[in-house]
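Listed here are the chains, written in short residue letters.
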Amino acid sequence: MSNFKRCFTKEEAEIIKPYIKYLSESTKMSSKEIKNMYEIMIQGYVFRTPVLKQMAKNFKAKHPTEKLPKCLKL
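The sections below set out a description of the structure shown in this document. In this text the structure is predicted, and so the values were computed from the model without any measurement. (Residues numbered from 1 in each chain as written. Predicted model: local features only at pLDDT ≥ 70, side-chain atom pairs only at ≥ 80, totals over all residues. Heavy atoms only, no water.)

Some remarks on the overall build of the chain
Helix and strand counts for the chain come out as three helices and zero strands. Starting at the N terminus and ending at the C terminus, the chain contains elements arranged as α-α-α. For the chain, whose C-alpha radius of gyration is 12 Å, the value lies close to the compact-globule estimate of 11 Å for 74 residues. Seen through its principal axes, the chain has C-alpha atoms that stretch 35 × 25 × 25 Å. A burial count over the chain gives 31% of its 74 residues as buried. Summarising the internal contacts of the chain: among those between residues at least 6 apart in sequence, 63% fall at separations of at least 24. A total of about 5400 Å² of accessible surface is found on the chain, and carbon and sulfur atoms cover 55% of it. Positive and negative side-chain charges of the chain, numbering 16 and 7 respectively, have mean locations separated by a distance of 5 Å. (Helix = DSSP H or I, 4+ residues; strand = E, 2+ residues; numbered from the N terminus. Rg over C-alpha atoms; globule rule 2.2 N^0.38 Å. Buried < 20%, exposed > 50% of the residue type's maximum accessible area, 1.4 Å probe, protein only. Contact = heavy atoms within 4.5 Å. Areas by Shrake-Rupley, 256 points an atom, 1.4 Å probe, with all protein chains shown as cover. Lys, Arg positive; Asp, Glu negative; His and termini not counted. Charge placed at Lys NZ, Arg CZ, Asp CG, Glu CD.)

Considering the side chain of N58
Relative to the helices and strands, N58 is located in helix 3 (residues 48-62). The exposure class assigned to N58 is buried, which follows from its relative accessible area of 5%. At a separation of 3.4 Å, a polar atom in the side chain of N58 contacts the main-chain carbonyl oxygen of L23. The contacts of N58, once residues within four sequence positions are left out, are Y22, L23, S24 and E25. (Polar contact = N/O pair within 3.5 Å; in protein donor to acceptor, adjacent residues only side chain to side chain.)

Quick notes on helix 3
When the terminal C-alpha atoms of helix 3 are compared, their 21 Å separation across 15 residues agrees well with the 21 Å that a helix rising 1.5 Å per residue should span. Residues of helix 3 that are buried: R48, V51, L52, M55, A56, N58 and F59. The secondary structure elements touched by the buried residues of helix 3 are helix 1 (10-16) and helix 2 (31-42). (Expected span 1.5 Å × (residues − 1).)

Comments concerning a positive patch on the surface
Together, K60, K67, K70 and K73 make up a positively charged patch on the protein surface. In this fold, K67 is placed in the segment after helix 3. (Patch = residues over 30% accessible without salt bridge, like charges linked within 9 Å, V, L, I, M, F, W, Y side chains within 5 Å. Salt bridge = Lys/Arg side-chain N within 4 Å of Asp/Glu carboxyl O.)

Concerning the pattern of salt bridges
Following the criterion strictly, the structure yields two salt bridges and no others. The salt bridge partner of R48 is E12, with a shortest N-O separation of 3.6 Å. You can see R48 sitting in helix 3 and its partner E12 sitting in helix 1, a full 36 residues away along the chain. On the basis of relative accessible area, E12 is assigned to the buried category, the value being 18%.

What follows is the structure, encoded as structure tokens:
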């Protein structure tokens with residue numbers, strides 16, 4: 001059983017949508033992949049904690065001088 005209990009809500013998925021591209025480390029996600037991930041988030045099938053950790057990690061790697069956006073913080 002997973003320790004993750006909370007999935008994205010529809011409102012959270014809308015806020016996080018511009019940052020979905022940071023889910024992938026090295027390769028760029030296509031617009032179709034981003035759209036599919038967004039749809040899955042809206043439906044409530046994506047656990048919040050591991051996804052936000054990965055997005056925050058990749059965002060900081062690509063933008064080391066910028067502050068982490070509030071929506072990427074746990």
